[in-house]
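Spelled out, the chains give:
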Amino acid sequence: MSVNAAFLRHFRNRRFLSKMAATLCVKLLPKQGWLPLTQSVRHGSKAVTRHKRPMHFIKQKLMAVTEYIPPAPAAPPGAYPRETKSVQEETPLMLILKRNLEKVFQDCKMIAVVQDSSSSAEDMMSLRHRLHKHDIKVKFFPNEVMRSFLNNSIYCNMAPLIFGPTVLIVSNEPKVKEMLKTLRGSPQMTLLGACIENSLLSAEGVLSYSKLPSVTVVQGELVSGLTMMTSRTASLLQRHPAHLSALLQQYVKQQGTDATAEEAT
Amino acid sequence: MAASRKATVVLKTVKKIAIQFSAFESNVRSTREFLAKVGSEKARATNINCEVISTVKHDKSEPVVDITYVDGERLLMKGAKLTSSEMLNTFQSLCTAKDPQAKTAAKK
């Protein structure tokens, strides 16, 4: 037992190249630079302590230099909008709808954009019925299809009108008055704008368009205005001789009356 | 702020809503959405006497929502920089403030 204890004590006191030595026996070094196989540690400071063991200064410096710097936290995925907008492929349904839209734009002279915030099915049915009497059709198209079509065509300025619940009212003939009368019957339809004969009009523009007289009347007005100008110049030129002749006529008349007055007296 | 369970707007305390905007501007989106929600059939059904009038102009003016309540108070909202949900929240909070009895009775 005592031999075991002594053996253990021997091992405990001499660590086998595992810890730094408190005392090194010089005579155990066979050559320069060779560490001994056993190093005597009589009462070394322990590695694991209850307080924080002061690091060697060089170790402190090393730890300070190699400290962990965590990477900066990236913004959460939804914080910033995407820089490049992902272009979605156009579904075949969209292509069909686009073709329909193109046909509509080519055929119809009048295309009005109306926002209806509320229309029950019956209201819509009655409105469609009333408009159908004047050969005006009501069409629905999804907003994205409309916008993508408009942006690629010459009607790009209509694009800001297409927001929210919008309805297209189209007709071959520009029958604005009838359309306005029917729309006035349903209060929730708001006329936003119209494209009449490839020219974009606002709501007030549509109103003034409806108040325009027919083409013949306008032509007559134009012709009369032009002829008025020419007749005015003609009268101006002839003003002097006309005045002179009127004066002479008046003089002759007066001469005549004087002569008769003299004869009478 | 407790959001109402239904998305519909109750117009019982409102006398008149006048919305005007310039159709071709890009900042009218929220106002138009507000109009769509307030002018819907369900909202109108809550109060048939309430008028919802919308005017479309072309003079690049700001979109304005003018609400006149039954007790004479007016709420003016300039919708150029507001979102439709903000406008709806303000409008609904004022409505519930005006008519607390009916609301609490309905919720209980």
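Preceding block: the structure.
Thresholds applied
- Residues numbered from 1 in each chain as written.
- Chains lettered and ligands numbered in written order.
- Predicted model: local features only at pLDDT ≥ 70, side-chain atom pairs only at ≥ 80, totals over all residues.
- Heavy atoms only, no water.
- Helix = DSSP H or I, 4+ residues; strand = E, 2+ residues; numbered from the N terminus.
- Buried < 20%, exposed > 50% of the residue type's maximum accessible area, 1.4 Å probe, protein only.
- Areas by Shrake-Rupley, 256 points an atom, 1.4 Å probe, with all protein chains shown as cover.
- Pairing = 2+ DSSP bridges.
- Axes fitted to C-alpha atoms, helices over the stretch in contact; angles between N-to-C directions.
- Contact = heavy atoms within 4.5 Å.
- Core = buried A, V, L, I, M, F, W, Y, C linked by side-chain atoms within 4.5 Å.
- Expected span 1.5 Å × (residues − 1).
- Arc of directions from axis to C-beta.

Q: Go over the overall build of chain A, please, and point to the residues and values.
A: Summing up its helical and strand segments, chain A has 9 helices and 7 strands in all. When the 265 residues of chain A are sorted by exposure, 24% land in the buried category. Summed over all atoms, the accessible surface of chain A reaches about 20700 Å², with 61% contributed by carbon and sulfur.

Q: Which residues make up the sheet that holds strand β4 (residues 74–78) of chain B, and what values do they have?
A: Note: strands within a sheet are paired through backbone hydrogen bonds, in either parallel or antiparallel orientation. Residues and elements named next belong to chain B. Read across the sheet, 4 strands follow the order β2-β1-β3-β4 without closing on themselves; strand pairing throughout is mixed. Every interior strand has two partners, whereas the edge strands, β2 (51–57) and β4, have only one. Mean inter-strand twist for the sheet, computed between neighbouring axes without regard to direction, equals 10°. Across 6 bridges, strand β1 (residues 14–22) lies against strand β3 (residues 64–69) in antiparallel orientation. Looking at β3, one finds that I19 is bridged to V65. Against the sheet, helix α1 (residues 29–38) engages β1, β2, β3 and β4, with an angle of about 145° to β1.

Q: Lay out the sheet that holds strand β4 (residues 136–139) of chain A in plain terms, naming residues and giving numbers.
A: Residues and elements named next belong to chain A. Read from one edge to the other, the open sheet built from 5 strands follows the order β4-β5-β3-β6-β7, with strand pairing classed as antiparallel. At either end of the open sheet lies a strand with only one pairing partner, and these are β4 and β7 (199–202). Strand-to-strand, the axes of this sheet are offset by a mean angle of 25°, without reference to chain direction. Pairing between strand β3 (residues 110–116) and strand β5 (residues 166–171): 6 bridges, direction antiparallel. Counterpart to I111 in the pairing with β5 is V170. Along the sheet, helix α7 (residues 203–211) contacts β6 (189–196) and β7; its crossing angle with β7, the most-contacted strand, is approximately 100°.

Q: I'd like a description of the nonpolar core, backed by residues and values.
A: Core analysis: the biggest nonpolar cluster contains 47 residues, and L150(A), V14(B), I17(B), F34(B), I67(B) and F91(B) have the highest contact counts within it. Among residues more than four places away in sequence, those in contact with L150(A) are F105(A), Y155(A), C156(A), M158(A), A159(A) and I162(A). One finds M110(A), V138(A), V167(A) and M189(A) within the second-largest nonpolar core, a separate group that totals 19 residues.

Q: Report on helix α3 (residues 92–107) of chain A, specifying residues and quantitative values.
A: All names here are of chain A. Taking 1.5 Å of rise per residue, the 16 residues of α3 would be expected to cover 22 Å, and the 23 Å separating its terminal C-alpha atoms lies within 8% of that figure. Where α3 is concerned, the buried positions are L97, K98, L101, V104 and F105. End-on view of α3: buried residues confined to an arc of 120°, all on one side of the axis. Facing away from the buried side of α3 by more than 90 degrees, the exposed set consists of P92, R99, K103 and Q106. Buried residues along α3 sit in contact with β3, β4, α5 (143–152) and β5.

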